[in-house]
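Structural overview
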Amino acid sequence: MMELVTGGSGSGKSAYAEDSVCRCQRFLKQNEKESAPLYYIADMFPYGKETEEKIENHRKMRAGKGFRTLEWYQDLPGKLAEKTSPDLSGACVLLECVSNLTANEMYMEGGAGENTVEAVVNGIRLLKKKCRHLIVVTNEVFSESEPDSAEMTVYKKNLAQINRALAEMADRVTEVIYGIPVFIKGKQTPEDKMPESRRPEEKQAEGKISEGRETMRMKLIIGGAFQGKLDYAKKLYPDTEWTDGSECALEEIATCSAMNCFHLFVRRWMKAGRNKEELIDTLRKRDRELILICDEVGCGLVPVDAFEREYRETVGRICTALANRADRVDRVVCGIGTQIK
């Protein structure tokens, strides 16, 4: 079985993918009495402090779960053919992620260069044949409003071609939206659920949010920019007074009934030097229902500016935590709302 997992920055796709591959291993052990080894193929090259911190966070997520890590940054066919390569037959394998692997093949010394698409697709196809279960993580980086450079256009085109080929190859394709898996291809099983093995900071955040209750008195409405989220919300929740998160006083988050542009509120909160833990604590202490409308800002290329990177990931982490405890989550696309929780 092969599953392709996609999603934006801070969407919870890594946690979902880990849970998915671990469920595969548990199923084999419980139902087929097989002891399948767990492998994690890591392809993020540690080229600076920020990537080193990300790698360390992923290691913390995997700690104690029995993963054996393979640091394979490029040339999957060559790595699999090496005499020192582990025997993956019968194994449950998680590869993370295709966007890094694509960049490595395109730009790193010794990479596939112009043959990147073929190299990545053939490598993953070979990996699928060798192992019992394969979970592959990729990224949603195609929803940009600003024009791309010529180099980024080639990168996006390559990644898109790879993603399409992998989706055709996969038995299941799952998009993770703020921690909620939405199944695009393949069937959902009773075991599928929101991931429990989140990053340590997400667990801490969710613990604060959910303290004293199973769910929050919260409704969350998400989607891309200009998709009609506010019109949809007003039909769903008539006679509601709306606060504008782009200009309201920061203190209003503690008292308002409903807020549009929550993503811009988070941006202003961060610009004021306040952290996400303080915001989460404020939300936890509320004693009345809150409706939030938030743009999905994590679906695009990683910004060059450090604040922009932190901002879009912070929005993702906060919304993932909120969605996990909210009593309802809707997503709006082209004016059409779908309840995903």
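We now turn to the structure provided with this report. This is a predicted model, so every value here is computed, not measured. (Residues numbered from 1 in each chain as written. Predicted model: local features only at pLDDT ≥ 70, side-chain atom pairs only at ≥ 80, totals over all residues. Heavy atoms only, no water.)

1. Focus: the overall build of the protein chain
For the protein chain, the helix and strand inventory stands at 11 helices and 13 strands. A globule of 341 residues ought to have a C-alpha radius of gyration of about 20 Å, and the protein chain, at 21 Å, matches this closely. Overall, the C-alpha framework of the protein chain stretches about 65 × 50 × 35 Å when taken along its three principal axes. Residue burial in the protein chain is summarised as follows: out of 341 residues, 51% are buried. Accessible surface for the protein chain amounts to roughly 16300 Å². Of this, 48% is attributable to carbon and sulfur atoms. The averaged location of the 55 negative side-chain charges in the protein chain is 4 Å from the averaged location of its 52 positive side-chain charges. (Helix = DSSP H or I, 4+ residues; strand = E, 2+ residues; numbered from the N terminus. Rg over C-alpha atoms; globule rule 2.2 N^0.38 Å. Buried < 20%, exposed > 50% of the residue type's maximum accessible area, 1.4 Å probe, protein only. Areas by Shrake-Rupley, 256 points an atom, 1.4 Å probe, with all protein chains shown as cover. Lys, Arg positive; Asp, Glu negative; His and termini not counted. Charge placed at Lys NZ, Arg CZ, Asp CG, Glu CD.)

2. Some thoughts on the side chain of T116
Structurally, T116 can be placed in helix α5 (residues 116-130). A polar contact is formed between the side chain of T116 and the backbone oxygen of G113, at a distance of 2.6 Å. When neighbours within four sequence positions are excluded, T116 is seen to be in contact with T102, E105, M106, N158 and I162. (Polar contact = N/O pair within 3.5 Å; in protein donor to acceptor, adjacent residues only side chain to side chain. Contact = heavy atoms within 4.5 Å.)

3. A look at the pattern of salt bridges
Going through the model one piece at a time under the given rule, you end up with 15 salt bridges. One salt bridge in this structure joins R172 and E3, with 3.3 Å as the shortest N-O distance. Of this pair, R172 sits in strand β6 (residues 172-177) while E3 sits in strand β1 (residues 2-6), placing them 169 residues apart in sequence. For the pair formed by R172 and E3, the shared burial category is buried. Taken together, the shared-partner salt bridges in this structure form one network comprising E175, E296 and R331. (Salt bridge = Lys/Arg side-chain N within 4 Å of Asp/Glu carboxyl O.)

4. A word on the packing of aromatic side chains
One pass over the structure, following the stated rule, counts five aromatic pairs. Centre to centre, the rings of F262 and F265 are 6.3 Å apart; their planes meet at 15°, and the pair counts as stacked. With a gap of three residues between them, F262 and F265 both fall in helix α9 (residues 262-271), about one helical turn apart. Joined through ring pairs, the aromatic side chains of F262, F265 and W269 make up one cluster. Between the NZ or CZ atom of K271 and the centre of the ring of F307, over which it lies, the distance is 4.2 Å. (Phe/Tyr/Trp six-rings, centres within 6.5 Å; stacked < 30°, edge-to-face > 60°. Lys NZ or Arg CZ within 6 Å of the ring centre and 35° of its normal.)

5. Observations concerning the environment of A17
Among the structural elements, A17 can be located in helix α1 (residues 13-31). Relative accessible area serves as the criterion here: at 0%, A17 is assigned to the buried category. When the C-alpha positions of A17 and I55 are compared, they lie 16 Å apart, and in sequence the two are 38 residues distant. What A17 contacts, discounting residues up to four positions off in sequence, is V5, L94, I135 and V137.

6. Some remarks on helix α8 (residues 229-236)
Taken residue by residue, α8 has K229, Y232 and A233 as its buried positions. In a view along the axis of α8, the buried residues occupy a sector of 100°, so they form one face of it. Residues D231 and K235 are exposed on α8 and point more than 90 degrees away from its buried face. (Arc of directions from axis to C-beta.)

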